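Residues per chain, in single letters:
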Amino acid sequence: MANLDSWRGKWALVSGASSGIGEAFAEELAAGGAHLVLTARRRQRLTKLRRKLRSAHGVEIEVLAADLAESGAPQEIFAFTEKRGITVDLLVNNAGVGSYGEFRSSNVECELGIVQVNCSAVVHLTRLYLPGMVERRLGDILIVSSTAAYQAVPYMATYAASKAFDLLFAEALAREVERYGIRVCALCPGPTASEFQKAAGVPDEIVVNVEPADHVARVGLRALAAGEHSVISGFTNWVGVEVQRIAPRRLVTSAAEILFRPRQRG
Ligand SMILES: NC(=O)c1ccc[n+]([C@@H]2O[C@H](COP(=O)([O-])OP(=O)(O)OC[C@H]3O[C@@H](n4cnc5c(N)ncnc54)[C@H](OP(=O)(O)O)[C@@H]3O)[C@@H](O)[C@H]2O)c1
């Protein structure tokens, strides 16, 4: 549990805490003695997790159901913590959605929802919580990006672009605010065991080299505590990204197209 003690006795806000990596963040942080604000749309999942973590670790936990596809949700979440006098010292921007298939026939609401949840809500929540952190000269922000951030991904075009946004946003902010003692880090997982692939409609055969969500969450929290600006979870994922850096971009995108191409296509 090295480094995860950084947030003992402090409040951490985890978005997308109802499953997968977000639930794993909640478990890791509670085990390290952090108090939690858990948010996602599925309230029942959150209250069940609250019961479990409270009895296992004796930390305080607040739950708020909010839909980050709604533009007002970040302000609602901020107002919720303000009203309760909760000082959020760790913001984990984890909630995220994806979609799979040809963009031309995609559901436009779904594509716009990806941009709203993965990008706009991240910017908004960060903008709301960061000034207080700077004022206190204390605070950490983890933004969950993806290895999809490092190249274009045909058939997941909007998703990969949204994760590239998250990575660059986090890295820029990290540099801007380190002088105030604030740490910001982008966590870039590769395929991870969660509900993400099914929700996004990604075919099983594309999902290989899957890492457990608790491992991925630990990698992110450790990197944040160590002052890293970004981290790729998993050695194989790291090698994949590094190899791509020296290859021509067009070649990399062509390889991704072949890998992600829907099987039934001619
Ligand atoms: N799994 C992977 O292979 C993988 C790889 C790289 C990066 N990631 C990133 O990891 C993060 C966590 O995903 P995961 O893998 O843990 O998937 P997951 O199990 O599907 O969890 C996604 C979380 O986001 C929440 N969420 C989705 N839409 C939301 C909305 N409109 N408003 C509020 N919350 C919403 C979900 O809660 P509700 O449904 O209850 O709202 C859920 O708690 C995402 O940012 C994802 O892009 C995942």
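Each remark here, short or long, concerns the structure printed above.
Quantities reported herein were computed from a predicted structural model and do not represent experimental measurements.

A. Representation of the packing of helix 1 (residues 20-31) against helix 7 (residues 213-225) in the model. Axis separation between helix 1 and helix 7 bottoms out at 8 Å; the angle between their running directions is 65°. Seen along the crossing, helix 1 lies across helix 7 with a hand that is right-handed. Together, Gly20, Ile21, Ala24, Phe25, Glu28 and Leu29 of helix 1 and Ala213, Asp214, Val216, Ala217, Arg218 and Leu221 of helix 7 make up the contact between the two elements. Looking at the contact of helix 1 with helix 7 residue by residue, the class counts come to eight nonpolar, one polar and three charged.

B. Quick look at the side chain of Thr126. Structurally, Thr126 is set in helix 4 (residues 108-136). One polar contact links Thr126 to Asn93, side chain to side chain, over a distance of 3.1 Å. If near-sequence neighbours (up to four positions away) are discounted, Thr126 is found in contact with Leu91, Asn93, Pro131, Ile141, Ile143, Phe169 and Leu173.

C. Quick peek at the site of the ligand. Every one of the 31 residues lining the ligand counts as a neighbour, but Ser19, Arg41, Tyr159, Ser194 and Gln197 are closest to it. Here an oxygen atom of the ligand sits 3.3 Å away from a polar atom, N or O, in the main chain of Phe196. A distance of 2.6 Å separates an oxygen atom of the ligand from a polar atom in the side chain of Gln197. Against a free-state accessible area of 890 Å², the protein chains account for coverage of 96% of the ligand.

D. Geometry of the environment of Cys185. Topologically, Cys185 is positioned in strand 6 (residues 182-188). Residue class for Cys185 comes out buried when judged on its relative accessible area of 0%. Sequence separation of Cys185 and Glu171 is 14 residues, and the distance between their C-alpha atoms is 6.9 Å. For Cys185, the residues in contact, after removing those within four places along its chain, are Ile141, Leu142, Ile143, Ala170, Ala223, Leu224, Glu228, His229, Ser230 and Val231.

E. Structural detail: the pattern of salt bridges. Going through the model one piece at a time under the given rule, you end up with 13 salt bridges. A salt bridge links Glu102 to Arg104, with the nearest nitrogen and oxygen atoms 2.7 Å apart. Residue classification places Glu102 among the partly exposed positions, given a relative accessible area of 24%. Take Arg104: its relative accessible area is 71%, and that puts it in the exposed class. Notably, a salt bridge pairs Asp166 with Lys163, separated by 3.5 Å at the nearest N-O pair. Placement of the pair is Asp166 and Lys163 together in helix 5 (residues 157-177), with a separation of three residues, close to one helical turn. What makes Asp166 buried here is its relative accessible area of 1%. Through salt bridges that share partners, Arg42, Arg45 and Glu195 make up one connected network.

F. How the structure looks around the state of the cysteines. This structure, assessed with the given rule, holds zero disulfides. Cysteine Cys110 is unpaired, with the sulfur of Cys119 as its nearest cysteine sulfur at 14 Å. With no disulfide of its own, Cys188 lies 8.1 Å from the sulfur of Cys185, the closest cysteine sulfur.

Cut-offs used in this document
Residues numbered from 1 in each chain as written. Predicted model: local features only at pLDDT ≥ 70, side-chain atom pairs only at ≥ 80, totals over all residues. Heavy atoms only, no water. Axes fitted to C-alpha atoms, helices over the stretch in contact; angles between N-to-C directions. Helix = DSSP H or I, 4+ residues; strand = E, 2+ residues; numbered from the N terminus. Left-handed = near helix turned anticlockwise from the far one by under 90°. Contact = heavy atoms within 4.5 Å. Nonpolar A, V, L, I, M, F, W, Y, C, P; charged D, E, K, R; others polar. Polar contact = N/O pair within 3.5 Å; in protein donor to acceptor, adjacent residues only side chain to side chain. Near = heavy atom within 4 Å. Areas by Shrake-Rupley, 256 points an atom, 1.4 Å probe, with all protein chains shown as cover. Buried < 20%, exposed > 50% of the residue type's maximum accessible area, 1.4 Å probe, protein only. Salt bridge = Lys/Arg side-chain N within 4 Å of Asp/Glu carboxyl O. Disulfide = S-S within 2.5 Å.

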